[in-house]
Amino acid sequence: MYGDFIDNLRLFTRGGSGGMGYPRLGGEGGKGGDVWVVAHNKMTLKQLKDKYPQKRFVAGEGANSRVSALKGSKGKDCEIPVPLGISITDENGKIIGELNKEKDRILVAEGGLGGKLLTNFLPLKGQKRVIHLDLKLIADIGLVGFPNAGKSSLLSKISHAKPAIADYAFTTLKPELGKIMYNDFKQISVADLPGLIEGAHMNKGMGHKFLKHIERTKQLLFVVDVSGFQLSSQTQYRTAFETILLLSKELELYREELQTKPALLAVNKMDLPDAQDKFHVLMNQLQNPKDFLHLFEKNMIPERTVEFQHIIPISAVTGEGIGELKNCIRKSLDEHTNQENDAYHKKQLLNLRISNTISYSELPSKNAVTSARIDIT
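Now for a look at the structure at hand. (Residues numbered from 1 in each chain as written. Predicted model: local features only at pLDDT ≥ 70, side-chain atom pairs only at ≥ 80, totals over all residues. Heavy atoms only, no water.)

1. Considering the overall build of the chain
In terms of regular secondary structure, the chain is built from eight helices and 14 strands. Taken across its 377 residues, the chain has 45% of its residues classed as buried. A fraction of 72% describes how many contacts in the chain between residues 6 or more apart in sequence connect residues 24 or more apart. Of the roughly 20700 Å² that the chain leaves accessible, carbon and sulfur atoms contribute 51%. (Helix = DSSP H or I, 4+ residues; strand = E, 2+ residues; numbered from the N terminus. Buried < 20%, exposed > 50% of the residue type's maximum accessible area, 1.4 Å probe, protein only. Contact = heavy atoms within 4.5 Å. Areas by Shrake-Rupley, 256 points an atom, 1.4 Å probe, with all protein chains shown as cover.)

Okay, here's the thing in structure tokens:
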């Protein structure tokens with residue numbers, strides 16, 4: 001279901017031509033149909049491409065004016081169904097808009113006017129536009145970790161995804177998506193992204209692709225192996241604490257804002273011998289990072305250490321801690337949504353107060369009232 005993952009598409013769109021006018025009786029032709037992009041919950045870009053392999057979307061033509069109907073009817077609109085979290089740009093990379101909620105819609109190609117006196121009763125052609133759809137949000141939670149941290153095993157344990165799991169270093173080369181189902185039917189989507197490596201911000205390996213996908217998740221779930229990590233015999237061994245520092249550093253070097261995303265930490269492979277002792281050491285390091293940072297090279301240390309909202313010891317093999325992890329993910333996302341809603345309502349209220357204050361005060365012209373719009377970020 002999630003194979004052949006597609007995160008961008010290029011489409012051709014054209015509004016319908018207008019209908020002919022009727023010079024003798026002053027009749028107007030109908031306007032051509034418009035092309036709209038509409039967000040649907042259950043849609044993917046892969047489904048869109050499969051359903052419309054030509055990737056051409058043309059709206060209907062306006063009806064000609066005739067004696068029995070002097071005003072021609074409008075052409076049929078064309079709707080392009082897309083998933084939520086889509087950003088739409090034109091050929092020059094200019095953003096046309098974003099679709100983030102079910103049934104959000106954006107006009108991308110307008111129909112031509114019907115023939116009328118102004119146009120000498122000749123119809124106009126519809127607008128032609130090549131557009132790019134880019135998936136901005138691919139999941140609620142993005143798994144962040146070096147290869148072999150057990151991200152794929154964790155994904156199959158907490159969700160209904162069945163990722164291919166192998167024990168060589170670069171297992172996941174395209175995002176694997178899974179959904180966590182809760183008893184009250186709430187669903188949370190999780191993306192396991194291509195394994196990050198040191199130097200990813202410099203576009204080594206799958207670096208940039210990975211980091212681009214990370215931007216498109218609401219929250220991050222760091223997954224680290226309690227015993228640490230070594231990519232190959234040629235590379236340095238890293239403890240779990242070093243792994244977290246390096247992951248944070250990669251995110252920071254690529255784009256600082258990534259570090260402001262809410263983050264959780266799953267410490268995996270707790271079924272291994274000595275795991276408990278190693279976990280205590282790690283917790284001590286995370287709680288007092290200043291005591292340990294002087295031990296590391298300067299270029300390894302991020303400007304700010306990531307603050308985890310929850311730290312959960314787990315074993316993707318035995319299932320230990322998985323229930324707790326699911327609860328924490330849910331709690332963290334719910335809190336985040338509530339904060340966003342509060343911020344949105346405060347902004348609306350502020351805009352309302354500002355517009356009320358402006359409308360009651362003495363203003364030189366009517367236009368000044370309508371254009372007074374202050375955005376509070």
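2. Observations concerning helix H4 (residues 240-254)
At 3.6 residues per turn, the α-helix brings residues three or four places apart onto the same side. Taking 1.5 Å of rise per residue, 15 residues should cover 21 Å, and H4 covers 21 Å from first to last C-alpha, within 8% of that figure. Counted residue by residue, H4 has 14 buried out of 15 residues, so it is predominantly covered. (Expected span 1.5 Å × (residues − 1).)

3. Overview of empty space enclosed by the protein
This model, assessed by the stated rule, comprises one cavity of 30 Å³ or more. Within this model, the largest cavity holds a volume of roughly 40 Å³. Lining the largest cavity are Phe 146, Pro 147, Ala 149, Val 223, Val 224, Asp 225, Gly 228, Phe 229 and Thr 243. Counting residues per element, the lining of the largest cavity draws most heavily on strand E12 (residues 217-225), which supplies three residues. Considering only residue class, the lining of the largest cavity consists of six nonpolar, two polar and one charged. (1 Å grid on protein atoms, 1.4 Å probe; cavity = no way out; pocket = protein on both sides within 12 Å on 5 of 7 lines; lining within 4 Å. Points joined across faces, edges and corners; volume = space filled by probe spheres on them. Nonpolar A, V, L, I, M, F, W, Y, C, P; charged D, E, K, R; others polar.)

4. A short note on the nonpolar core
Counting 33 residues, the largest nonpolar core has Phe 222, Phe 241, Leu 265, Val 267 and Phe 308 as its most contacted members. Counting residues per element, the ones that place at least two in this core are E12, H4, strand E13 (263-268), helix H5 (275-287) and helix H6 (290-293). Setting aside residues no more than four positions away along its own chain, Leu 265 makes contact with Leu 221, Phe 222, Val 224, Ile 244, Leu 286, Phe 308, His 310, Ile 311 and Ile 312. In this structure, Ala 59, Leu 99, Ile 131 and Ala 191 belong to the second largest nonpolar core, which totals 27 residues. (Core = buried A, V, L, I, M, F, W, Y, C linked by side-chain atoms within 4.5 Å.)

5. Notes on a nonpolar patch on the surface
Residues Leu 25, Val 67 and Leu 70 make up a contiguous nonpolar surface patch of about 250 Å² in total accessible area. Position of Leu 25 among the secondary structure elements: in the loop between strand E1 (8-14) and strand E2 (35-39). (Patch = residues over 30% accessible without salt bridge, like charges linked within 9 Å, V, L, I, M, F, W, Y side chains within 5 Å. Salt bridge = Lys/Arg side-chain N within 4 Å of Asp/Glu carboxyl O.)

6. Quick notes on the sheet that holds strand E11 (residues 187-192)
Spatially, six strands are ordered E10-E11-E9-E12-E13-E14 in an open sheet, and the strand pairing comes out mixed. Among the strands making up the open sheet, the edge pair consists of strand E10 (176-181) and strand E14 (308-313). Across this sheet, the average inter-strand angle for adjacent strands is 25°, counted without regard to direction. Examined bridge by bridge, E13 and E14 share four bridges and lie parallel to one another. When the bridges of E14 are listed, Leu 265 appears paired with Ile 311. Against the sheet, helix H2 (residues 151-158) engages strand E9 (139-144), E10, E11 and E12, with an angle of about 165° to E11. The sheet contacts of H4 involve E9, E12, E13 and E14, and relative to E12 the element is tilted by about 150°. (Pairing = 2+ DSSP bridges. Axes fitted to C-alpha atoms, helices over the stretch in contact; angles between N-to-C directions.)

7. Section: unusual backbone geometry
The residue Lys 103 is not glycine, and still its phi comes out positive at about 75°. Relative to the helices and strands, Lys 103 resides in the loop between strand E6 (95-99) and strand E7 (105-109). In the Ramachandran plot, Asp 274 falls in the positive-phi region, its phi being about 65° despite a non-glycine side chain. Structurally, Asp 274 is set in the loop between E13 and H5.

8. Here's the deal with the packing of H4 against H5
For the pair H4 and H5, the least separation of the axes is 9 Å and the interaxial angle reads 40°. It follows that H4 is oblique to H5 by the angle criterion. Facing H4, whose interface residues are Ala 240, Phe 241 and Ile 244, H5 presents Leu 282, Gln 285 and Leu 286. Of the residues belonging to the contact of H4 with H5, the class tally is five nonpolar, one polar and no charged. (Parallel < 35°, antiparallel > 145°, perpendicular 65-115°, else oblique.)

9. Some thoughts on the sheet that holds E1
Read across the open sheet, the five strands follow the order E3-E1-E8-E5-E6; overall the sheet is mixed. Of all the strands in the sheet, the pair left with one neighbour each is strand E3 (56-58) and E6. Sheet twist, expressed as the mean angle between neighbouring strand axes with direction ignored, is 25°. As paired elements, strand E5 (residues 86-90) and E6 share four bridges and run antiparallel to each other. Among the inter-strand pairings, Ser 87 is bridged to a residue of E6, identified as Glu 98.

10. With respect to the pairing of E11
The side chains of a regular strand alternate, first on one face of the sheet and then on the other. Burial analysis of E11 places five of its six residues in the buried class, the great majority of the element. The sheet contact formed by E9 and E11 spans three bridges and is parallel. Bridge pairing links Gly 142 to Ala 191 in E11. Looking at chain direction, E10 and E11 are connected through six bridges and run antiparallel. Of the residues in E11, the one forming a bridge with Leu 177 is Ala 191.

11. Points about H2
Buried residues of H2: Lys 151, Ser 152, Leu 154, Leu 155 and Ile 158, and no others. What you see down the axis of H2 is that its buried residues fit within an arc of 160°, all on one side. (Arc of directions from axis to C-beta.)

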